[in-house]
Amino acid sequence: MRDFLIPSPLPTRRNRTFSASARASEGPVFSGVCKCFSRSKGHGFITPSDGGSDIFVHISDIEGEYVPVEGDEVTYKVCALPPKHEKVQAVEVNITHLKPGTKHETWGGHVISS
């Protein structure tokens, strides 16, 4: 049974439908702060600036050269999660300000201090 992998229910950039990506791209840009992000797990959460509940972010939706860390300011758009489209995830996530005094890692593995 372990030879058969069950597909992830989370739509990543690779398996998101074209229409869902188009709707997300046309939507407004929101801002928030990275609450947490695990590179090894491939996901994290963003706390919106306007309040509200935390928003899930998948590693495939991070733009730019740095891995986000707690406290980084980000901008993002949202995409509804199937099947009921009641919850959303952050897409097109860009780090706008690195949190001062923290070490940031690039996707290539280089570490810098901000």
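The following paragraphs examine the structure supplied in this document. These numbers were taken from a predicted model, which means no experiment stands behind them. (Residues numbered from 1 in each chain as written. Predicted model: local features only at pLDDT ≥ 70, side-chain atom pairs only at ≥ 80, totals over all residues. Heavy atoms only, no water.)

### Thoughts on the sheet that holds strand β4 (residues 73-80)
1) Next: Strands sit in the order β1-β2-β3-β5-β4 around a closed barrel of five strands; the barrel is mixed. With direction set aside, neighbouring strand axes in the sheet form an average angle of 50 degrees.
2) Next: As defined by bridge partners, strand β2 (residues 43-48) adjoins strand β3 (residues 55-58) across four bridges and the pair is classed as antiparallel. Directly across from I46, in β3, lies its bridge partner I55. (Pairing = 2+ DSSP bridges. Helix = DSSP H or I, 4+ residues; strand = E, 2+ residues; numbered from the N terminus. Axes fitted to C-alpha atoms, helices over the stretch in contact; angles between N-to-C directions.)

### A few points about the pairing of strand β5 (residues 88-97)
1) Next: In this structure, β3 lies alongside β5, joined through two bridges in parallel fashion. If you follow F56 over to β5, its bridge partner there is Q89.
2) Next: Strand direction decides the pairing type here: β4 and β5, joined by seven bridges, are antiparallel. What sits directly across from K77, in β5, is V91.

### Quick look at the environment of T47
1) Next: Examined against the element boundaries, T47 turns out to sit in strand β2.
2) Next: Residues T47 and V74 lie 27 residues apart in sequence; the distance between their C-alpha atoms is 9.6 Å.
3) Next: The residues contacting T47, other than those within four sequence positions of it, are G32, V33, K35 and D54.
4) Next: Within the structure, T47 has its side chain in polar contact with the side chain of D54 (distance 3.1 Å). (Contact = heavy atoms within 4.5 Å. Polar contact = N/O pair within 3.5 Å; in protein donor to acceptor, adjacent residues only side chain to side chain.)

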